[in-house]
Amino acid sequence: MILPPFLKAGDKVGLLSTSSFTEQKYVDELVQILKDWKLTPVLGKTIGAREGSLAGPDELRQTDLQEMLDNDQIRAILQTMGGYGIVRVIDRVDFSKFKYKPKWLVGYSDTTFLHTHVQGMLSTATIHGTMAADLEAGYTKDSWESLRKALFGERLEYSVKAHPLNRKGSSQGLLVGGNVSLLCNAKGTMSEVDTNGKILFLEEVGEKHFRLDSYLRSLKQAGKFEYVRGLVVGELVEMEDDDPPFGKTPEEIVLEVMQEFDFPICFGFPAGHGKVNKALIFGAMVHLEVTAKGSILKFDI
């Protein structure tokens with residue numbers, strides 16, 4: 001897997017949304033954060049644009065991403081918002097120039113489509129990390145500092161407290177994954193995730209318990225867990241039980257789907273739609289160790 005060049009002071013960083021629109025005040029806060037990191041923010045044409053819930057019409061969002069990808073002066077592209085929209089344009093984006101001059105693509109949630117597309121089609125690493133829209137809940141130091149470290153190539157190693165549903169073991173492999181529903185929706189497309197021999201990260205937000213079960217079982221039937229080497233389960237937040245109740249917590253649903261496999265499982269990793277969203281480099285080699293005392297995820301970069 002190709003790692004794009006890590007950033008250094010003075011580098012230009014593009015801000016855009018290929019998905020839903022972002023409120024300007026949170027973009028302004030992100031601009032200041034990047035300036036504090038000695039980076040130079042460059043606003044895309046989708047910043048301030050809106051069509052319904054999207055950050056402007058499809059053509060604008062596609063063109064904005066294309067121009068950022070093709071601009072040699074832009075060293076990283078940060079999505080400012082998740083929501084929905086990348087799937088409407090991803091198949092029309094030309095990555096031929098990016099292939100030979102890769103740069104860091106950052107975001108999560110709807111950005112899952114971009115992560116899996118770039119890793120699968122171009123064997124290039126990306127960063128699952130916090131976005132401008134997260135500033136609505138306030139500045140979370142741990143989230144933003146982890147993103148800074150990932151962008152600048154500093155050491156990344158996370159310790160996670162023990163969880164009663166963890167499955168002990170150790171493994172290593174390239175880290176891939178993202179939002180469960182989007183990974184499910186990408187099946188059969190050119191943005192489909194490749195999990196063979198990988199450490200898989202999963203997170204979800206705002207789904208019914210039975211839908212989470214359905215997404216996971218669909219991925220299972222597609223063989224997406226067959227050759228996984230380890231599972232890191234991030235935030236499963238704002239999940240709604242059913243009426244009548246489904247009978248299992250989100251974490252228990254995950255464990256039940258994975259019961260026939262023997263890879264280590266870490267629950268409770270602080271990444272996804274929760275308050276803390278630690279940066280993850282998808283496509284990087286990681287070492288996962290799950291013990292009775294807790295879990296460690298270490299990046300080999």
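Now for a description of the structure that goes with this document. (Residues numbered from 1 in each chain as written. Predicted model: local features only at pLDDT ≥ 70, side-chain atom pairs only at ≥ 80, totals over all residues. Heavy atoms only, no water.)

Turning our eyes to something else, we now look at the overall build of the chain. Scanning the chain from terminus to terminus reveals 8 helices and 13 strands. For the chain, the C-alpha radius of gyration of 18 Å lies close to 19 Å, the compact-globule estimate for 301 residues. The dimensions of the chain, computed from C-alpha atoms along their principal axes, are 50 × 40 × 35 Å. Looking at the chain residue by residue over its 301 residues, the buried ones come to 55%. A sequence separation of at least 24 residues applies to 79% of the contacts in the chain between residues at least 6 apart. (Helix = DSSP H or I, 4+ residues; strand = E, 2+ residues; numbered from the N terminus. Rg over C-alpha atoms; globule rule 2.2 N^0.38 Å. Buried < 20%, exposed > 50% of the residue type's maximum accessible area, 1.4 Å probe, protein only. Contact = heavy atoms within 4.5 Å.)

Of note, the amide linkage connecting D243 to P244 takes the cis form, showing an omega dihedral of 5°. The topology assignment puts P244 in the loop between β9 (230-237) and α8 (250-257). You will see that S109, though not glycine, has its phi angle at about 65°, which is positive. For S109, the location among the structural elements is in the loop between β4 (104-107) and α4 (112-122). Judged by its relative accessible area of 10%, S109 is buried.

Attention now goes to the pairing of strand β8 (residues 199-205). In terms of burial, β8 is largely enclosed, as 6 of its 7 residues are buried. As defined by bridge partners, strand β7 (residues 169-179) adjoins β8 across 5 bridges and the pair is classed as parallel. What sits directly across from L175, in β8, is I199. In this sheet, β9 lies alongside β8 in parallel orientation, the contact comprising 6 bridges. When the bridges of β9 are listed, L202 appears paired with V233. Handedness of the β8-helix α7 (residues 209-221)-β9 crossover: right-handed. (Pairing = 2+ DSSP bridges. Right-handed = clockwise from strand over helix to strand, strands pointing away.)

This part is about the side chain of S143. As for its placement among the helices and strands, S143 is situated in helix α5 (residues 141-152). In this structure S143 comes out as buried when scored by relative accessible area, which is 1%. If we skip the residues at most four places from it in the chain, S143 touches T130, K275, V276 and N277.

On to the packing of α7 against α8, then. Axis separation between α7 and α8 bottoms out at 10 Å; the angle between their running directions is 20°. One element, α7, and the other, α8, form an angle in the roughly parallel class. Along this stretch, α7 crosses α8, giving a crossing that reads as right-handed. Contacts between α7 and α8 pair H209, L212, D213, L216, R217 and K220 from the former with P250, I253, V254, E256 and V257 from the latter. In terms of residue class, the contact of α7 with α8 is made up of 6 nonpolar, 1 polar and 4 charged. (Axes fitted to C-alpha atoms, helices over the stretch in contact; angles between N-to-C directions. Parallel < 35°, antiparallel > 145°, perpendicular 65-115°, else oblique. Left-handed = near helix turned anticlockwise from the far one by under 90°. Nonpolar A, V, L, I, M, F, W, Y, C, P; charged D, E, K, R; others polar.)

Turning to α7, a few remarks are in order. The end-to-end C-alpha separation of α7 is 18 Å, in line with the 18 Å expected for 13 residues at 1.5 Å each. Within α7, burial applies to H209, L212, D213, Y215, L216 and L219. Seen along its axis, α7 keeps its buried residues to an arc of 165°; they face one direction. The elements touched by buried residues of α7 are α6 (180-185), β8 and α8. (Expected span 1.5 Å × (residues − 1). Arc of directions from axis to C-beta.)

Right, let's get into the environment of R148. Locating R148 in the fold gives a position in helix α5. Taking relative accessible area as the criterion, R148 reaches 17% and is therefore assigned buried. Taking the C-alpha atoms as reference points, R148 and W37, separated by 111 residues in sequence, lie 7.7 Å from one another. Contacts of R148, omitting those with residues within four sequence positions, involve W37 and E154. A polar side-chain atom of R148 sits 2.7 Å from a polar atom in the side chain of E145. (Polar contact = N/O pair within 3.5 Å; in protein donor to acceptor, adjacent residues only side chain to side chain.)

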